[in-house]
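Analysis of the macromolecular model
Each chain, written out:
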Amino acid sequence: MPRAILCILDSVGIGGAPDAAAYGDVGSNTFGHIAEHAAAGKADKAGLRAGPLNVPNLDALGIGAAIKLSTGTMPPNLSATPKGGRFGVGREVSKGKDTPSGHWEIAGVPVPFEWGYFPQTEPTFPPALIEEFIKRAKLPGILGDKHASGTNIIAELGEESIRTGKPICYTSIDSVFQIAAHESHFGLDRLYEICQIAFELTAPLNIGRVIARPFVGEDAKSFKRTGNRRDFAISPPEPTLLDRNKAAGNQVFAIGKISDIYAAHGVTHKLKGTGLPQLFDKTLEAMEMAADNAFIMTNFVDFDSEYGHRRDVPGYAAALEYFDARLPELIAKLRDDDLLILTADHGNDPTWPGTDHTREQIPILLFSPSVSAGEIGIRSTFADIGETIAHWLGLAPGRHGKSFL
């Protein structure tokens with residue numbers, strides 16, 4: 001009986017989005033530019049990596065061919081002739097370039113509305129919102145109130161937050177309200193509590209997520225975000241692939257931040273992990289646990305959070321190489337009737353100006369011992385991915401997208 005494993009390489013876009021101009025992202029190409037920088041020696045870092053990008057397993061599945069199909073150009077050290085599986089390109093119909101839009105559409109539900117966003121002003125949040133938040137959460141005030149990188153603002157304001165008991169509130173170009181606070185000095189449960197209050201207040205503004213960003217350490221030099229992040233997210237507007245498979249009586253394994261992204265809908269097994277090694281291990285663990293007709297979905301967030309937003313080209317390149325080196329472990333665990341799909345949810349080009357996501361097309365790399373190699377073309381919606389998995393698992397077709405099998 002079939003099973004399906006879907007790996008979201010968070011932010012690993014491949015350029016070429018036809019509407020990139022509307023987002024100021026014409027020419028962005030996350031994977032392609034990393035490969036170009038690596039070939040030029042611009043992704044070398046002592047003790048980390050050096051030389052051209054080395055991803056032979058992803059290339060064998062068609063990443064180079066997918067980039068060429070998406071952009072018309074072939075990045076260095078990649079190939080246009082994959083050795084197995086099927087490759088193609090996903091094109092998003094949902095508005096924006098954020099995590100919920102990409103993930104919901106991948107799971108068969110394009111976003112039918114415009115998300116709310118906060119202006120790039122300082123202060124950025126509506127005064128009435130903050131006033132009510134402080135009142136309901138019984139806070140002495142807040143810090144931040146601006147667009148910022150999460151790691152930078154913790155280094156900037158973390159010590160003051162500990163001293164005053166005020167949480168750090170910030171946003172980005174995405175539809176998010178983020179709250180950072182110290183795990184022990186402020187309290188993890190207390191952080192979750194005020195995030196729930198913030199979620200209730202921001203939902204009428206169509207803000208997609210409120211994200212709890214706990215950190216530890218005692219000064220700016222030692223502060224570090226922990227794996228206890230929690231996303232409080234608006235629910236998808238209709239049943240996703242996860243809901244559909246759960247309703248059919250099957251297992252749905254949500255690994256990493258997947259459960260949060262779908263507001264826990266359609267999840268039967270939730271596996272948390274921090275960092276690429278642990279997320280990969282949890283995926284392999286789920287494959288051991290998964291019964292017939294199970295659906296396993298993992299978000300590998302580090303590509304985005306640790307390297308894309310931080311514009312860290314060497315780190316991003318090393319992360320891709322790490323994932324590639326472990327890919328044979330995953331493939332070796334596939335049963336003859338298992339389906340593996342590797343894809344992304346948006347771009348986050350570390351060579352691009354700013355620190356935000358980039359509007360790009362995404363790779364679709366499909367492999368199963370029982371599926372022949374080939375090309376699936378440029379798909380008109382990410383929802384084709386979800387419908388392909390639904391088809392594979394024997395579920396009835398959804399309202400959006402078409403299977404490419």
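The structure under discussion appears in the preceding block.
Residues numbered from 1 in each chain as written. Predicted model: local features only at pLDDT ≥ 70, side-chain atom pairs only at ≥ 80, totals over all residues. Heavy atoms only, no water.

Brief notes about the side chain of aspartate 25
In this structure, aspartate 25 sits in the loop between β1 (3-9) and α1 (30-39). Taking the relative accessible area as the measure of exposure, aspartate 25 reaches 4% and is therefore buried. A distance of 2.7 Å separates polar atoms of two side chains, one belonging to aspartate 25 and the other to lysine 97. Here aspartate 25 is in contact with Ala20, Lys97, Trp352, His357, Thr358 and Arg359, once residues within four sequence places are set aside. (Helix = DSSP H or I, 4+ residues; strand = E, 2+ residues; numbered from the N terminus. Buried < 20%, exposed > 50% of the residue type's maximum accessible area, 1.4 Å probe, protein only. Polar contact = N/O pair within 3.5 Å; in protein donor to acceptor, adjacent residues only side chain to side chain. Contact = heavy atoms within 4.5 Å.)

Let's talk about the sheet that holds strand β14 (residues 374-379)
Judged by pairing direction, the sheet is mixed, and its eight strands sit side by side in the order β10-β9-β11-β1-β12-β13-β2-β14 without closing on themselves. Each end of this open sheet is capped by a strand with a single partner; those strands are β10 (269-271) and β14. For this sheet, the mean inter-axis angle between neighbouring strands, taken without regard to orientation, is 15°. When β1 meets strand β12 (residues 338-343), the two strands line up parallel, connected through six bridges. By the bridge assignment for β12, arginine 3 is matched with aspartate 338. Contacting β2 (86-90), β13 (362-367) and β14, helix α3 (residues 63-71) runs over the sheet at an angle of about 35° to β2. Lying on the sheet, helix α12 (residues 313-332) is in contact with β1, β11 (295-300), β12 and β13; it crosses β12 at an angle near 165°. (Pairing = 2+ DSSP bridges. Axes fitted to C-alpha atoms, helices over the stretch in contact; angles between N-to-C directions.)

Side note on the pairing of strand β9 (residues 252-255)
Where burial is concerned, the two faces of β9 agree: the one with Val252 and Ala254 and the one with Phe253 and Ile255 are both buried. Pairing analysis gives four bridges linking β9 to β11, with the strands arranged parallel. From the neighbouring strand, alanine 254 faces β11, where its bridge partner is methionine 297. Relative to β10, β9 is paired through three bridges, and the arrangement is parallel. For isoleucine 255, the partnering residue across the bridge sits in β10 and is leucine 271.

Observations regarding helix α10 (residues 276-289)
Taking 1.5 Å of rise per residue, 14 residues should cover 20 Å, and α10 covers 20 Å from first to last C-alpha, within 8% of that figure. Every buried residue belonging to α10 is among Leu276, Leu279, Phe280, Thr283, Leu284, Ala286 and Met287, and all of these are buried. Along the axis of α10, the buried positions cluster into a sector of 155°, meaning they face one direction only. Taken together, the buried residues of α10 touch β1, β9, β10, β11, α11 (302-308) and α12. (Expected span 1.5 Å × (residues − 1). Arc of directions from axis to C-beta.)

Topic: the packing of aromatic side chains
Evaluated as defined, the whole model comprises twelve aromatic pairs. Aromatic side chains phenylalanine 118 and phenylalanine 125 sit 4.8 Å apart centroid to centroid with 90° between the ring planes, which places their arrangement in the edge-to-face category. Exposure remark for phenylalanine 118: the relative accessible area of 7% places this residue in the buried category. Each ring, one from phenylalanine 303 and one from phenylalanine 323, has its centre 6.2 Å from the other, and the planes form 70°; the classification is edge-to-face. Remark: phenylalanine 323 occurs in helix α12 and phenylalanine 303 occurs in helix α11; sequence separation between them is 20 residues. What makes phenylalanine 303 buried here is its relative accessible area of 0%. Feature note: the residues Phe280, Phe300, Phe303, Tyr316 and Phe323 constitute an aromatic cluster, connected by ring pairs. The ring centre of tyrosine 192 lies 3.8 Å from the NZ or CZ of arginine 230, which sits over that ring. (Phe/Tyr/Trp six-rings, centres within 6.5 Å; stacked < 30°, edge-to-face > 60°. Lys NZ or Arg CZ within 6 Å of the ring centre and 35° of its normal.)

Description of the environment of glycine 377
Topologically, glycine 377 is positioned in strand β14. Residue glycine 377 is classed as buried on the basis of its relative accessible area of 16%. Excluding its chain neighbours within four sequence positions, the residues that come into contact with glycine 377 are Leu69, Phe87, Gly88 and Val89.

Focus on the packing of α1 against α12
Contact geometry of α1 with α12 gives a least axis separation of 10 Å together with a crossing angle of 105°. Overall, the two elements α1 and α12 adopt an arrangement that is roughly perpendicular. Seen from α1, the contacting residues are Thr30, Phe31, Ile34 and His37; seen from α12, they are Val313, Tyr316, Ala317 and Leu320. (Parallel < 35°, antiparallel > 145°, perpendicular 65-115°, else oblique.)

Description of the pairing of strand β6 (residues 209-216)
Most of β6 is tucked away, with seven of its eight residues classed as buried. Where strand β5 (residues 176-182) lies against β6, seven bridges are found, and the strand directions are parallel. The partner of isoleucine 179 across the bridge, within β6, is alanine 212. Crossover connection from β5 via helix α7 (residues 183-202) to parallel β6: handedness right-handed. Here β6 pairs with strand β8 (residues 230-233) via four bridges, running antiparallel. Across the sheet, the residue bridging to valine 210 is phenylalanine 232, located in β8. Pairing between β6 and strand β7 (residues 224-225): two bridges, direction antiparallel. Counted as the bridge partner of phenylalanine 215 is arginine 225 from β7. (Right-handed = clockwise from strand over helix to strand, strands pointing away.)

Just distances and angles here, no functional claims.
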